[in-house]
Structures are given as structure tokens and as C-alpha cells.
Amino acid sequence: MSLSHRAGYVVGVLITLLALVCQARVHSHGRFVRTEGTRFVVHESDFVFNGFNSYWMMHVAAEPSERHKVSSTFREAAGAGLSVCRTWAFSDGGDRALQISPGVYAERVFQALDFVISVASRHGIRLILSLVNNFKDYGGRAQYVEWARNAGVNVNGEDDFYTNPTMKEYYKNHVKKVIRRLNTITKIAYKDDPTIMAWELMNEPRCEADYSGRMVNGWVQEMASFVKSLDNKHLLEIGMEGFYGDSMPERKVNNPGYQVGTDFITNNLIKEIDFTTIHAYPDIWLSGQNDSAQMAFMRRWMETHSIDSNRILKKPLVLAEFGKSNKDSGHSLGARDQYLITVYERMNKFERTGEGIGGSLVWQLMGEGMDSYGDGYGIILSQHASTRAVISAQSHKMTTFGRILLRRKH
């Protein structure tokens, strides 16, 4: 073989090896996350994680010139050891809509979601994809109501979303469209992509028509069964905040003074639901109380749900939203860091007792130059070095817990 041919051969081999390394990185989490009792597992290993929310990913990526914000956020998150991201797989009507009208989709926005999934995979980050919003942001139940009324359907209000056949059909069609989507970048159907850790039925379902939780329960049962009929590879969760309902009246004392029409126990007992979630915003829910009272509530909220998820529901629990707003009185970066430390320490204590929280998702990571998406809770890792250190330390602890659990198994 001539020197030039040999050099060409070596370069070719190196390119092939580099491609294989990249492929290995992309599919380093090529196995689906499953549950075994109250634990998440990947293949033979326990999967405990530190993660984050970035709801805005698809919306930003719909503008190609802004996609670098998605890429940089995933890159910085991976650098801090974060391994799961929760984001929206919906945008119903309005600006940069994914679903323009029932069953009508903007391909460029779908390609933006393709991009988000592909970048997450490249950085070894799994995704929890939410399928509709309870609130009006990015459409939500209100948009479904408007569509139904425009089609001549008699609708009384947003809570009809849970019972009206037309709106339920709209939702099912959206679920089917997303789950069966073939990613134009990775060439992998969403239903076959292990980058996706789980589907979420709705972001923070609430119902004023029935505070007991029974109306929402009927909807969850129907939709959970439908999702699993389309995709039994991925995990499924509801998207609940964790409010208790009527099934265990003694537990309602743990709510922040009111109910929202969900029932943490009965809603999560549905067999198609694989894991439970809680959200926690004591700074909003108990805005009239001091930091000490809010933190006491946070501890009870985490502890009660951890116990119930482990002992009654026998499913893993994820702290799926929490954070501290810079709009709070007396806010400082140090106060936010200390809040995160306290929450993480409490979570780690549960992990050591064997009734742990399987993972947490801080609200929320953002990229630079994203002020319009800010809600007071935004964390920019490249600008907030002390917060990055806190988050990175928790990621390391989660990795260590995973290794300890693996050794216990063997």
C-alpha cells in the first residue's frame, strides 16, 4: 500500500472510529429507563438523577438562528452532570405553534422538537416530554376549548376538557401524532427513542368542577391507557403537583390550604402510571409566610409524598419542579443557593433511608439572552458559578448513590 493510500486509509479509519465514538455517545443511554418497585433502572443499574426543566426548548429551536441557545444549555447542563430534562412537546395555537389547529401541524416546529431530541441525545441527557398544558401558556386547555367551540361544540368551560368527547379526541390525536413522529434528524421514531425517558400527560392538571380528584382520575385512566396502547416502551407520568384529594382526608392537611381537583393517591394508583411527581413552590403557595415556614412546608411536602409513594403507591417519586424566584423579597444569589442545598440535602437524606426520591428537576435552566422567557426562576449556568457548583455537587452525589445501590445489588 502506498504512503498516500496508507495515509488515506488511516484517515478513513480515524473518521470511522470518530463516528463510532459519537454514535456511542448518542446511544450511551441506548436502553430505556424502566421501573422496578420504587426505583428507576437502566438495564441492570439503578438510575437516580439530577435534572432540570427548560420548557422553552422547542419554541426557541423553531427559529434556526436561536438554536445555539438550546445547544449551549444542553452542553452546560451535561457539564454540570445533569442527566434529565423536562420540556414541552406542545404549543397549541399562537406564536410558533406546533399544532396550528386540531390535527394541523407546523412541520418546521416539529423539526425544532426533532432538533431538541437530537441534541439531548448527543449530550447523554434524557427527556421527559409533556403533551399539553393546564394553563393558557402555549395554548393549553383553553385553546382546546376555543377549537371545540369554533367547531360548534357546546362547551361550558375549561374543565369540560376532561369529559368532552371532541376535546378528548383532539388530545388523543395530538398524542398519537407526537408518539409516532419520525425524527427527521436521528431517523428514529419518538416511540422507539430511548433518549425520551417518559411522557407526561399534562403540565399541572387542575379541575375546579370537581375538587375531589375523581373527574381528573377518569381522564387520566383513559389517556394513560391510550398512551400505553401506542407506546409501551416509555415510562408515563401525569404531571401532577402533588395535591391530596378526598381519598385520604387526613393527608389534606399537607396541602397549602386548598385543593386543586387532583388526588395524589388515587390518580397515581392507576396501573399505567409508572411514577409519581410533585412540584413545590412554597414561595408562591405560602407567599404571606416567612422563609422558615416555607422551608418547613417544603420538608413536609417532600417527606409525606416520599413515604406515600414508597409505601402506598410503590412507585418512584420525582421532585419535578422546584426553585426559588429572584422576585421574592430579600432575594440574593446566596439565598437561592442555600435553598437548593437544603432541598438537595433533604432529598439525599430520604435516599439514605431507603425511601428516596428518584430524581429532581430544578426550575429552570436558561441560555444567555433569554430575558423574554424569564419568570424569576431562571438559572444560567455560565453566569451563575456558585449555583452551578451547588448543582454539580448534587449531580455527583446522585452518581455516587447509583454506584452504592449497584454494589448492594451484587
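Above this text you will find the structure in question.
Small disclaimer: the values here were computed from a predicted structure and weren't measured. (Residues numbered from 1 in each chain as written. Predicted model: local features only at pLDDT ≥ 70, side-chain atom pairs only at ≥ 80, totals over all residues. Heavy atoms only, no water.)

**Q** Whenever I open this one, the nonpolar core confuses me. Can you help?
**A** Most often, soluble globular proteins have nonpolar side chains that are buried together. Counting residues in hydrophobic clusters, the biggest one holds 108 residues, and the most contacted among them are Phe52, Phe74, Tyr171, Trp199 and Leu201. Looking at this core, the element that brings in the most residues is helix H4 (residues 107–122), giving nine residues. With near-sequence residues (within four places) excluded, Trp199 lies in contact with Leu129, Leu131, Val178, Ile179, Tyr190, Val227, Asp231, His234, Leu235, Leu236 and Glu237. Listed in part, the 14 residues of the second largest apolar core include Val33, Val42, Phe47 and Leu361. (Core = buried A, V, L, I, M, F, W, Y, C linked by side-chain atoms within 4.5 Å. Buried < 20%, exposed > 50% of the residue type's maximum accessible area, 1.4 Å probe, protein only. Helix = DSSP H or I, 4+ residues; strand = E, 2+ residues; numbered from the N terminus. Contact = heavy atoms within 4.5 Å.)

**Q** What exactly am I supposed to notice about empty space enclosed by the protein here?
**A** Vacant regions in the atomic arrangement are exposed by a probe of water-molecule size rolled over the atoms. Under the defined criterion, the tally for this structure stands at one cavity of 30 Å³ or more. Here the largest cavity defines a volume of roughly 50 Å³. Together, eleven residues line the largest cavity, and Thr38, Arg39, Glu351, Gly356 and Gly358 are the ones closest to its centre. Counted by class, the lining of the largest cavity contains four nonpolar, five polar and two charged residues. (1 Å grid on protein atoms, 1.4 Å probe; cavity = no way out; pocket = protein on both sides within 12 Å on 5 of 7 lines; lining within 4 Å. Points joined across faces, edges and corners; volume = space filled by probe spheres on them. Nonpolar A, V, L, I, M, F, W, Y, C, P; charged D, E, K, R; others polar.)

**Q** Is there a simple way to think about the environment of Glu200 in this case?
**A** Looking at where Glu200 falls in the secondary structure, it is placed in strand S9 (residues 196–200). Separated by 55 residues in the primary sequence, Glu200 and Val145 place their C-alpha atoms 20 Å from one another. Not counting residues up to four positions away in its chain, the partners in contact with Glu200 are Arg86, Ile128, Leu129, Ser130, Leu131, Glu237, Ile238 and Gly239. Within the structure, Glu200 has its side chain in polar contact with the side chain of Arg86 (distance 2.8 Å). (Polar contact = N/O pair within 3.5 Å; in protein donor to acceptor, adjacent residues only side chain to side chain.)

**Q** Would you explain the packing of helix H3 (residues 67–79) against H4 in this entry?
**A** Axes are the key here: two packed helices are described by the angle between their axes and the distance separating the axes. The contact between H3 and H4 brings their axes to 10 Å, and the two run at 25°. Put simply, H3 runs roughly parallel to H4. Of the two possible hands of crossing, H3 and H4 adopt the one that is right-handed. Facing Arg67, Val70, Ser71 and Phe74 of H3, the residues of H4 in contact are Arg108, Gln111, Ala112, Phe115, Val116, Val119 and Ala120. Partitioned by chemical class, the residues of the contact of H3 with H4 number seven nonpolar, two polar and two charged. (Axes fitted to C-alpha atoms, helices over the stretch in contact; angles between N-to-C directions. Parallel < 35°, antiparallel > 145°, perpendicular 65-115°, else oblique. Left-handed = near helix turned anticlockwise from the far one by under 90°.)

**Q** When you look at unusual backbone geometry in this model, what are you seeing that I'm missing?
**A** In this model, Trp363 is joined to Gln364 through a cis peptide bond whose omega is -5°. If you trace the backbone, Gln364 turns up in the loop between strand S13 (359–363) and helix H12 (385–409). Even without a glycine there, the phi angle at His43 is positive, about 60°. The phi dihedral of Lys187 is positive, around 65°, even though this residue is not glycine. With respect to the element layout, Lys187 can be found in the loop between helix H6 (165–179) and S9.

**Q** Looking at this structure, I do not really get the packing of aromatic side chains. What am I missing?
**A** Enumeration over the complete set of coordinates arrives at 27 aromatic pairs. Taking the centre distance of 5.9 Å and the plane angle of 50° together, the rings of Phe40 and Phe49 count as tilted. Classification of Phe40 as buried rests on a relative accessible area of 2%. Using a relative accessible area of 0% as the deciding quantity, one classes Phe49 as buried. Taken together through their ring pairs, the aromatic side chains of Phe243, Tyr258, Tyr281, Trp285, Phe297, Trp301 and Tyr377 make up a single cluster. (Phe/Tyr/Trp six-rings, centres within 6.5 Å; stacked < 30°, edge-to-face > 60°.)

**Q** Would you mind showing me how to read the sheet that holds strand S5 (residues 84–88) here?
**A** Two modes of strand pairing occur in sheets, parallel and antiparallel, and in both the strands are linked by backbone hydrogen bonds. The strand order across the open sheet built from eight strands is S10-S9-S8-S5-S4-S13-S12-S11, with neighbouring strands paired in parallel fashion. Whereas interior strands pair on both sides, the edge strands pair on one side only; in this sheet they are strand S10 (235–237) and strand S11 (276–280). Within the sheet, the average angular offset between the axes of one strand and its neighbour, ignoring direction, is 25°. In this sheet, S5 lies alongside strand S4 (residues 49–53) in parallel orientation, the contact comprising three bridges. Bridging across to S5, Asn53 finds its partner in Arg86. Along the sheet face, H4 touches S5, strand S8 (126–130) and S9 and points at about 150° away from the line of S8. (Pairing = 2+ DSSP bridges.)

**Q** Teacher, can you tell me more about H3 here?
**A** Each full turn of the α-helix corresponds to 3.6 residues, which orients residues three or four apart in the same direction. With 13 residues, H3 ought to run about 18 Å at 1.5 Å a step, and its terminal C-alpha atoms sit 19 Å apart, in line with that. One or two steps after H3, the chain reaches Gly81, where phi turns positive at roughly 80°. (Expected span 1.5 Å × (residues − 1).)

**Q** For this particular structure, what's the right way to read the packing of H6 against helix H7 (residues 214–230)?
**A** Closest axis-to-axis distance for the H6/H7 pair is 10 Å, and the angle between their directions is 30°. The angle between the axes of H6 and H7 places the two elements in the roughly parallel class. For H6 against H7, the interelement crossing comes out right-handed. Here H6 contributes Lys168, Tyr171, Lys172, Val175, Lys176 and Ile179 to the contact with H7, which in turn contributes Trp219, Glu222, Met223, Phe226, Val227 and Leu230. For the contact of H6 with H7, the per-class residue count stands at eight nonpolar, no polar and four charged.

**Q** Hey, could you run me through the sheet that holds strand S3 (residues 45–46) in this one?
**A** Read from one edge to the other, the open sheet built from three strands follows the order S1-S2-S3, with strand pairing classed as antiparallel. At either margin of the open sheet sits one strand with a lone partner, and together these are strand S1 (33–36) and S3. The pairing of strand S2 (residues 39–42) with S3 spans two bridges and is classified as antiparallel. By the bridge assignment for S3, Val41 is matched with Asp46.

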